[in-house]
Amino acid sequence: SRELHKDVKNEKFDKNDIEKGLHELRRRLRWILIETISFNGFVETVPEPLKNKVGAWFTELSATRGSKLLDDKYIRYQAPTVEEPLRIPFRQLAIINDVVSQIGGLKDKAEAMIEVEKMIDEAGVTGERREKLKAQLIVKLDAAEVDHRKASRKFMKELNETKLLKNFADSLEEINQK
């Protein structure tokens, strides 16, 4: 997560291409989840103390997501099957999981909209008819006008301001040295 922290800090995911921008940010964040869940049985989650802005972000997400924040299938772990399991900072992992979920929802809507635009362009529909057809397809496909670059910037800003990824890496080291 330290490498990802650097990439976020350098705004690497501010791209016109959704695959290289917002979707790549989501993929990289999701790898943190995949890596931890792949060691299911060898890890235990620890409700680590939260520092500074990460704590405020967790509180904000808890207020809006309730118990769903900490009870998601992507961060559910079985009891450890080894004597000294690797400890995972659970609340920060829950924030990462929530960000992945939020980006996924936005990405799906943005991609649906991109496909709507392509289909209309390929059909050669123009003018007022184009706008009516586009509006109907948006409703039918549950698509939405999503500025994926703006969304990517928003998430990178939040990740930068809270230093979540750096704090996650630091917490991982700290709780496993005890």
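Model, not experiment: these values are computed from the prediction.

Student: Where do I start with the overall build of the chain in this structure?
Tutor: Along the chain, the regular secondary structure elements total seven helices and two strands. Its helices and strands in sequence order give the chain the pattern α-α-β-α-β-α-α-α-α, from N to C terminus. Expressed along its principal axes, the backbone C-alpha trace of the chain runs to roughly 65 × 30 × 30 Å. The burial tally for the chain puts 39% of its 178 residues in the buried class.

Student: Explanation requested: the side chain of Glu48 in the structure shown.
Tutor: Following the sequence through the fold, Glu48 ends up in the loop between β1 (43–46) and α3 (52–65). At a separation of 2.8 Å, a polar atom in the side chain of Glu48 contacts the main-chain amide nitrogen of Gln92. Discounting residues that sit within four places of it in the chain, Glu48 has contacts with Pro89, Phe90, Arg91 and Gln92.

Student: Explain the packing of helix α2 (residues 22–37) against helix α6 (residues 148–162) here, please?
Tutor: When two helices pack together, their arrangement is given by the angle between their axes and by how far apart the axes lie. Taken N-terminus to C-terminus, the directions of α2 and α6 make an angle of 40°; their axes are 9 Å apart at the nearest point. With respect to α6, the element α2 is oriented oblique. Within the contact between the two elements, α2 uses Leu22, Leu25 and Leu29 and α6 uses His148, Ala151, Ser152, Phe155, Met156 and Leu159. Partitioning the contact of α2 with α6 into residue classes produces seven nonpolar, two polar and no charged.

Student: It is not clear to me how the packing of aromatic side chains should be interpreted in this structure. Could you clarify?
Tutor: Under the defined criterion, the tally for this structure stands at zero aromatic pairs. For Arg91, the ring lying beneath its charged end belongs to Phe58, and the centroid distance is 5.5 Å.

Student: I'm lost on the environment of Leu25 in this one. Help?
Tutor: Position of Leu25 among the secondary structure elements: in helix α2. Among residues more than four places away in sequence, those in contact with Leu25 are Val8, Phe13, Ile103, Ser152, Phe155, Met156 and Leu159.

Student: Would you explain the pattern of salt bridges in this entry?
Tutor: Think of it this way: side chains of opposite charge can pair up when their charged atoms draw near. Inspection of every chain in the model, using the stated rule, returns 21 salt bridges. As a salt-bridge pair, Asp7 and Arg28 come within 2.8 Å of each other at their nearest N and O atoms. Taken together, the residues span a long stretch of sequence, with Asp7 in helix α1 (residues 2–9) and Arg28 in helix α2 at a distance of 21 residues. Here the salt bridges share partners, and the residues they tie into one network are Arg2, Lys166, Asp170 and Glu173.

Student: Looking at this structure, how should I read the side chain of Arg130?
Tutor: Tracing the chain through its elements places Arg130 in helix α5 (residues 127–141). Within the local environment of Arg130, its side chain forms a polar contact with the side chain of Asp121, the two groups lying 2.7 Å apart.

What counts as what
- Residues numbered from 1 in each chain as written.
- Predicted model: local features only at pLDDT ≥ 70, side-chain atom pairs only at ≥ 80, totals over all residues.
- Heavy atoms only, no water.
- Helix = DSSP H or I, 4+ residues; strand = E, 2+ residues; numbered from the N terminus.
- Buried < 20%, exposed > 50% of the residue type's maximum accessible area, 1.4 Å probe, protein only.
- Polar contact = N/O pair within 3.5 Å; in protein donor to acceptor, adjacent residues only side chain to side chain.
- Contact = heavy atoms within 4.5 Å.
- Axes fitted to C-alpha atoms, helices over the stretch in contact; angles between N-to-C directions.
- Parallel < 35°, antiparallel > 145°, perpendicular 65-115°, else oblique.
- Nonpolar A, V, L, I, M, F, W, Y, C, P; charged D, E, K, R; others polar.
- Phe/Tyr/Trp six-rings, centres within 6.5 Å; stacked < 30°, edge-to-face > 60°.
- Lys NZ or Arg CZ within 6 Å of the ring centre and 35° of its normal.
- Salt bridge = Lys/Arg side-chain N within 4 Å of Asp/Glu carboxyl O.

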